[in-house]
Amino acid sequence: MPSTSECAIVVLAAGAGTRMKSDRQKTLHEIGGRSLLSHSLHAAASISPTHLVTVVGHQRDQVSPAVEEIARQLDTDILQAVQEEQKGTGHAVQVGLAALPQFEGTVVVTNGDVPLLTGETIQSLIDAHRAASAAVTVLTLDLDDPTGYGRIIRNAEGGVEKIVEEKDADDIQKSVSEVNSGVFAFDAAVLRDALTRLTTDNAQGELYITDVLAIARGDGNTVSAFTAPDARELAGVNDRAQLATAGKELNRRLVLRFMHGGATIVDPATTWIGADVEIGRDVTIHPNTQLWGSTVIGDGAVIGPDTTLTDMEVGPRASVVRTQGELSVIGADATVGPFTYLRPGTELGEGGKLGGFVESKNAKIGPGSKVPHLTYIGDATVGRESNIGASSVFANFDGVNKHHTTIGDYVRTGSDTMFVAPVNVGDGAYTGAGTVVTKDVPAGALAIKEGRQRNIEGWVEKNRPGTDAAQAAQKAREN
């Protein structure tokens, strides 16, 4: 067949996926922070096809918005073709090809449930297809256990004769270890013609895309095969067990990639990294760490152990220990943890600190400022080089509205200070321990709690007679 640079990719995502036993459509289940369909579309889009089509059907009220969102993320056009009734893979491809009525060139058909397939392998399939001047090229796998897969049947010369689905295979055919991956490259004209000649004469009573191979060969066209370099790429996901297996393999690849890129990952088996995460050089990641979403880790940072970060930005040389964080920024050389919770909107400046048992939300903490321990800081701005005392609380909610607290530069606040928003503490101000700040504190002022301490002598012995405390107090006085 004549070679052409035009390429269209059709991704099939219309099936019910009943083995998932889920209210969510099968291809929308996730590994590595992306849906199965998202992985498939990312791989397809990576080779910049002329057209990219997704065939949707079952639960398309879920799938169609997901495809639109993926298209926005990829900044590319993804056509959607609707398969109203699921009548088999051949019918699905008919629906997908109908979205491209004038297209002539190479059509790649792949699936939305093969999340490990890479763009490199898709491109290699296309290159092999064109090099062989083939009408059809099937991407094949060689498996020790081919159970469940369609078998590749070759003729005496080694050419591809046809594909036989397992339910239609005899014992000899079932012994074949070369199997169909479900991914094909077709000449568009040959495919369009062959699809009109498919029949439902099979065990499933469906239109099989695999029957196109025998039709093409019967017309005298070349049918070839290209064996995937890594069979794990074509592992389909049909149930939760296969989902976990695919997720583990994807994570292995990602961890390996980052280690080869200059990161130290102390325990790859307990480190989970999403597909959209970026990690710099000389980063150290300790065990039981999870990095998800669009998290970016700067050069030389130390993350973990026991840390989960989602959509976070961590600056160079920062240290983040036993922390959960999302949608927040940690500046260069800053320290966070242990047992720290960064809620959305936290911005910790360069060299700053959020210490043990600190919770932050929508808080901007300036360079060099510290919130060392046992504190909630929310809806607040803290200037540079300030220190918030232990057990402080930024009381930001009056039951109806959120209010803001502003702390200036070089402020020192005592332990157990309550900031009742809205309130401003000026540059260089101090607060005494236990102070409830309900009005603005001028720059350089000391805010203290009003009211003097009063001791009531003998209260314990009178009101708690016979207790250990009363006995200890009496003994102390006698001595």
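Heads up: the structure comes first, above all this text.
What you are looking at is a predicted structure, and each value in this text was computed from that prediction instead of being measured.

S.K.: Could you clarify how one ought to interpret the overall build of the chain in this entry?
M.R.: Assigned secondary structure in the chain consists of 10 helices and 36 strands. In terms of overall dimensions, the chain is more spread out than a globule: its C-alpha atoms have a radius of gyration of 32 Å, far above the 23 Å expected for 479 residues. Considering only C-alpha atoms, the chain reaches an extent of 110 × 50 × 45 Å along its principal axes. Residues classed as buried in the chain amount to 47% of the 479 residues present. Contacts in the chain between residues far apart in sequence, at least 24 positions, make up 42% of those at least 6 positions apart. Carbon and sulfur atoms form 49% of the exposed surface of the chain, whose accessible area is close to 22,500 Å².

S.K.: Sorry if this is basic, but what is going on with helix H3 (residues 89–98) here?
M.R.: Structurally, the α-helix is built with 3.6 residues per turn, so residues lying three or four positions apart point the same way. By the criterion of burial, H3 is predominantly enclosed, with seven of the 10 residues buried. Among the residues of H3, those classed as buried are Gly-90, His-91, Ala-92, Val-93, Val-95, Gly-96 and Leu-97. On its buried face, H3 is in contact with strand E1 (7–13), strand E4 (51–56), strand E5 (79–82), strand E6 (106–111) and helix H6 (188–195).

S.K.: Sorry if this is basic, but what is going on with a nonpolar patch on the surface here?
M.R.: A contiguous nonpolar surface patch, about 340 Å² in accessible area, is contributed by Phe-339, Phe-357 and Leu-374. Within the secondary structure, Phe-339 is located in the loop between strand E24 (335–336) and strand E25 (340–342).

S.K.: Mind showing me how you'd approach the nonpolar core here?
M.R.: One recurring pattern in soluble globular proteins: nonpolar side chains tend to sit buried together. Of all hydrophobic cores here, the largest spans 42 residues; its most connected members are Ile-279, Ile-297, Ile-303, Val-314 and Ile-330. Those elements giving two or more residues to this core turn out to be helix H8 (240–260), strand E27 (353–365), strand E28 (370–382) and strand E33 (423–425). Not counting residues up to four positions away in its chain, the partners in contact with Ile-279 are Phe-258, Ala-263, Ile-273, Ile-285, Leu-291 and Ile-297. Counting residues in each nonpolar core, the second largest holds 36 residues, with Ala-135, Val-212, Ala-216 and Val-223 among its members.

S.K.: Explanation requested: the sheet that holds strand E31 (residues 412–413) in the structure shown.
M.R.: Whenever strands of a sheet pair, they do so through backbone hydrogen bonds, lying parallel or antiparallel. Taken in spatial order, the three strands line up as E31-E34-E36 in an open sheet, and their pairing is parallel. Here the strands that pair on one side only, and so sit at the sheet edges, are E31 and strand E36 (446–447).

S.K.: How do you make sense of the pattern of salt bridges when you look at a structure like this?
M.R.: It is possible for side chains bearing opposite charge to pair when their charged atoms get close. One pass over the full model with this rule turns up 19 salt bridges. For Arg-154, the salt bridge is made with Glu-178, and the minimal N-O distance between the two is 2.8 Å. Of the two residues, Arg-154 is situated in strand E8 (residues 151–154) and Glu-178 in strand E10 (residues 178–187); the sequence distance between them amounts to 24 residues. Arg-154 gets classed as partly exposed once you look at its relative accessible area, which sits at 36%. Put simply, Arg-317 and Asp-333 hold a salt bridge, and the shortest N to O gap is 2.8 Å. Of this pair, Arg-317 sits in the loop between strand E20 (313–314) and strand E21 (319–320) while Asp-333 is found in the loop between strand E23 (329–330) and E24, placing the two residues 16 residues apart along the sequence. Assessed through its relative accessible area of 49%, Arg-317 is described here as partly exposed.

S.K.: Explain helix H1 (residues 36–45) here, please?
M.R.: With 10 of 10 residues buried, H1 lies mostly within the body of the structure. Of all the positions in H1, only Leu-36, Leu-37, Ser-38, His-39, Ser-40, Leu-41, His-42, Ala-43, Ala-44 and Ala-45 are classed as buried.

S.K.: Which parts of the structure should I look at to understand the packing of H6 against helix H7 (residues 211–218)?
M.R.: The angle between the axes and the distance between the axes are what describe a pair of packed helices. The N-to-C vectors of H6 and H7 enclose an angle of 105°; their axes lie 10 Å apart at closest approach. The angle between the axes of H6 and H7 places the two elements in the roughly perpendicular class. Of the residues in H7, those touching H6 at Val-190, Leu-191, Ala-194 and Leu-195 are Val-212, Ile-215 and Ala-216.

S.K.: Looking at this model, I keep getting lost on the pairing of E4. Mind explaining?
M.R.: Working note: regular strand, side chains alternate between the two faces of the sheet. The buried count for E4 comes to five of six residues, which makes it a mostly enclosed element. Strand direction decides the pairing type here: E1 and E4, joined by six bridges, are parallel. Following the sheet pairing, Leu-12 is matched in E4 by Val-55. Assessed by its sense of winding, the connection that carries the chain from E4 through helix H2 (residues 60–74) to E5 is right-handed.

S.K.: Honestly, the packing of aromatic side chains in this entry has me stumped. Any pointers?
M.R.: The geometry of an aromatic ring pair is captured by the separation of the ring centres together with the interplanar angle, meaning the angle of the planes. Evaluation of the coordinates by the stated rule reveals three aromatic pairs. Both rings, one in Phe-339 and one in Phe-357, keep their centres 5.1 Å apart while their planes meet at 20°; by these two values the pair is stacked. Of this pair, Phe-339 sits in the loop between E24 and E25 while Phe-357 sits in strand E27; the two residues are 18 residues apart in sequence, bridging distant segments of the chain. The class of Phe-357 is exposed, set by a relative accessible area of 53%. When the ring centre of Phe-258 is taken as origin, the NZ or CZ atom of Arg-257, which lies over that ring, is 4.8 Å away. Here the guanidinium or amino end of Lys-402 rests over the ring plane of Phe-397, the centre of that ring lying 4.9 Å away.

So, how was this worked out
- Residues numbered from 1 in each chain as written.
- Predicted model: local features only at pLDDT ≥ 70, side-chain atom pairs only at ≥ 80, totals over all residues.
- Heavy atoms only, no water.
- Helix = DSSP H or I, 4+ residues; strand = E, 2+ residues; numbered from the N terminus.
- Rg over C-alpha atoms; globule rule 2.2 N^0.38 Å.
- Buried < 20%, exposed > 50% of the residue type's maximum accessible area, 1.4 Å probe, protein only.
- Contact = heavy atoms within 4.5 Å.
- Areas by Shrake-Rupley, 256 points an atom, 1.4 Å probe, with all protein chains shown as cover.
- Patch = residues over 30% accessible without salt bridge, like charges linked within 9 Å, V, L, I, M, F, W, Y side chains within 5 Å.
- Salt bridge = Lys/Arg side-chain N within 4 Å of Asp/Glu carboxyl O.
- Core = buried A, V, L, I, M, F, W, Y, C linked by side-chain atoms within 4.5 Å.
- Pairing = 2+ DSSP bridges.
- Axes fitted to C-alpha atoms, helices over the stretch in contact; angles between N-to-C directions.
- Parallel < 35°, antiparallel > 145°, perpendicular 65-115°, else oblique.
- Right-handed = clockwise from strand over helix to strand, strands pointing away.
- Phe/Tyr/Trp six-rings, centres within 6.5 Å; stacked < 30°, edge-to-face > 60°.
- Lys NZ or Arg CZ within 6 Å of the ring centre and 35° of its normal.

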